[in-house]
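Next come the chains, spelled out residue by residue.
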2 protein chains.
Amino acid sequence: MQAVLDAMVEPRRREILRLVRSAELTAGAIAAHFPDVARPTVSQHLRVLRDAGLVSERREGTRRFYRSRPEAFVPLVAFIEDFWDQKLAALKRVVEEEPS
Amino acid sequence: MQAVLDAMVEPRRREILRLVRSAELTAGAIAAHFPDVARPTVSQHLRVLRDAGLVSERREGTRRFYRSRPEAFVPLVAFIEDFWDQKLAALKRVVEEEPS
DNA sequence: GGCTTACGTAGGTGACAACTTACGAATGAA
DNA sequence: TTCATTCGTAAGTTGTCACCTACGTAAGCC
């Protein structure tokens, strides 16, 4: 989960995730969406995303296709859902112990 | 959402969130859970969490009580859920266009 | 074999963030 | 008012991360 958060905290990496969430794109196509950033930088972003499991890589000749792996979000969502549960439990305790 | 991620990416800040998710704690009580970190550092972490809306602050005399605000996770969860939806939609398209 | 295309890796730079010690502000008690 | 308690703020240091340019690798084409 640390790796997932490290990857997600960078705005450009989140933008990359949005690009490949419904379509498989090559590294070049992805880089083309960031004219203000050099291509090797995008390569590094893709590596971080891949190491975090947030995207998968498929090689075809010299090209590499990337697409999102939403499964990687599961631990993060579990972490957050824990908060909702605990909050509700705490609220319940308060209500029961202090009837208005 | 950027502020929420910036706050969450720090392991100690996530630990603080866990501490105050089911109980209201003072800054001192929270700092006591991190013997290897100076108290002002915890103060700074609390500020980041507060600015992100992840915790609320209540002052009582010289003490300040903190507790978690799970509502702050909503935009992040919405972002992630978008991926599940798009993934399902993409899968549906593939299935319909390429009947086994 | 040479050349092009597509992409990653290496190494160095600048900015930012987490940490520290020292100090300040505000409340409460003697 | 003086002192202690509780906590935040200020300022400086260090490590990490995003970025760049230069180079390396691997596949396809002439």
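Residue numbers run consecutively from 1 along every chain, following the written order of its sequence. Here chains are named by letter from A upward and ligands by number from 1 upward, in the order in which they appear as written. Per-residue local features of the predicted model are confined to residues with pLDDT of at least 70, and side-chain atom pairs are confined, for both listing and counting, to 80 or more; whole-chain, interface and lining totals are unaffected and use all residues. Based on all heavy atoms of the structure, the side-chain values leave hydrogens and waters out of the count.

Peer 1: Sorry, what's going on with the protein's contact with DNA strand D here?
Peer 2: One heavy atom within 4 Å of a molecule or strand is enough for the residue carrying it to be called near that molecule or strand. The local shell around DNA strand D holds 24 residues, among which Arg12, Thr41 and His45 of chain A together with Ser43 and Tyr66 of chain B are the closest. When atoms of DNA strand D within 4 Å of the protein are sorted by moiety, sugar and phosphate together comprise 69%. Under the rule applied, a polar contact is a pair of N or O atoms within 3.5 Å (in protein, one hydrogen donor and one hydrogen acceptor; residues adjacent in sequence only if both atoms are side-chain atoms). One nitrogen or oxygen atom from the side chain of Gln44 of chain A is found 3.4 Å from a base nitrogen belonging to DNA strand D. At 2.3 Å, a side-chain N or O of Tyr66 of chain B approaches a phosphate oxygen of DNA strand D. Residue assignment for the surface near DNA strand D shows that the elements contributing at least two residues are α2 (11-19) and α4 (39-51) of chain A together with α3 (27-32), α4 (39-51) and β3 (63-68) of chain B. In DSSP terms, a helix is any run of H or I states spanning at least four residues, a strand is any run of E spanning at least two, and both are numbered starting from the N terminus. Broken down by element, the surface near DNA strand D gets its largest block of residues, 5 residues, from α4 of chain B. Across the surface near DNA strand D, the residue classes break down as 6 nonpolar, 10 polar and 8 charged. Classification used: nonpolar for Ala, Val, Leu, Ile, Met, Phe, Trp, Tyr, Cys and Pro, charged for Asp, Glu, Lys and Arg, polar for all others including Gly.

Peer 1: Explain the sheet that holds strand β1 (residues 25-26) of chain B to me, please; I cannot follow it from the model alone.
Peer 2: Pairing between the strands of a sheet comes from backbone hydrogen bonds, and it takes one of two forms, parallel or antiparallel. Residue and element names in this part refer to chain B. Taking strand neighbours across the sheet as the criterion, the 3 strands line up as β1-β3-β2 in an open arrangement whose pairing is antiparallel. Two strands in the sheet have a free side with no partner beyond their single neighbour: β1 and β2 (55-60). Pairing between two strands is assigned when DSSP locates at least 2 bridges connecting them. Relative to β3, β2 is paired through 6 bridges, and the arrangement is antiparallel. Note that in β3 the partner of Val55 across the bridge is Ser68.

Peer 1: Just checking my understanding: could you explain the packing of aromatic side chains for this structure?
Peer 2: Two aromatic rings are characterised by how far apart their centres lie and by the angle between their planes. Side-chain rings of Phe, Tyr and Trp, where Trp is taken by its six-membered ring, are said to pair if the distance between their centres is within 6.5 Å; with planes under 30 degrees apart they count as stacked, over 60 as edge-to-face, and otherwise as tilted. Scanning the entire structure with this criterion turns up 4 aromatic pairs over all chains. When the ring of Phe79 of chain A is compared with that of Phe83 of chain A, the centres are 5.1 Å apart and the planes differ by 50°; the resulting orientation is tilted. Of this pair, Phe79 of chain A and Phe83 of chain A both sit in helix α5 (residues 74-97), separated by 4 residues, roughly a single helical turn. An identical accessibility class is assigned to Phe79 of chain A and Phe83 of chain A; each is buried. Among the aromatic residues, ring-to-ring pairing joins Phe73 of chain A together with Phe79 and Phe83 of chain B into one connected group. Charges are assigned to positions over rings by a cutoff of 6 Å between ring centre and Lys NZ or Arg CZ, combined with an angular limit of 35 degrees from the ring normal. It is Arg21 of chain A that lies over the ring of Phe83 of chain B; its NZ or CZ is 5.7 Å from the centre. If you follow Arg58 of chain B out to its NZ or CZ, it ends over the ring of Phe65 of chain B, 4.7 Å from the centre. Classification of residues uses two cut-offs on accessible area relative to the type maximum, computed with a 1.4 Å probe and protein chains only: under 20% is buried, over 50% is exposed, and between them is partly exposed.

Peer 1: How should I be thinking about α4 of chain A in this particular structure?
Peer 2: One turn of the α-helix equals 3.6 residues, which is why residues spaced by three or four share an orientation. All names here are of chain A. Multiplying 1.5 Å by the residue count of a helix minus one yields the expected span of that helix. Between its first and last C-alpha atoms α4 spans 19 Å; for 13 residues at 1.5 Å apiece the expected length is 18 Å, and the two agree. Along α4, the positions that sit buried rather than exposed are Val42, His45, Leu46 and Leu49. The arc that holds the buried residues of α4, viewed along the axis, is 100°, so those residues lie on one side. Turned more than 90 degrees away from the buried face of α4, the exposed residues are Gln44, Arg47 and Asp51. To obtain the arc, one takes the directions from the helix axis to the C-beta atoms.

Peer 1: Would you mind showing me how to read the protein's contact with DNA strand C here?
Peer 2: Around DNA strand C sit 24 residues, and of these Ser43 and Tyr66 of chain A together with Arg12, Thr41 and His45 of chain B come closest. Counting only the atoms of DNA strand C within 4 Å of the protein, the fraction contributed by sugar and phosphate is 66%. Within the contact set of DNA strand C, a phosphate oxygen lies 3.4 Å away from a backbone nitrogen or oxygen of Ala27 of chain A. Ala38 of chain B is positioned such that a nitrogen or oxygen atom in its backbone is 2.9 Å from a phosphate oxygen of DNA strand C. Only α3 (27-32), α4 and β3 (63-68) of chain A together with α2 (11-19) and α4 of chain B provide two or more residues apiece to the surface near DNA strand C. Residue composition of the surface near DNA strand C, grouped by class: 6 nonpolar, 10 polar and 8 charged.

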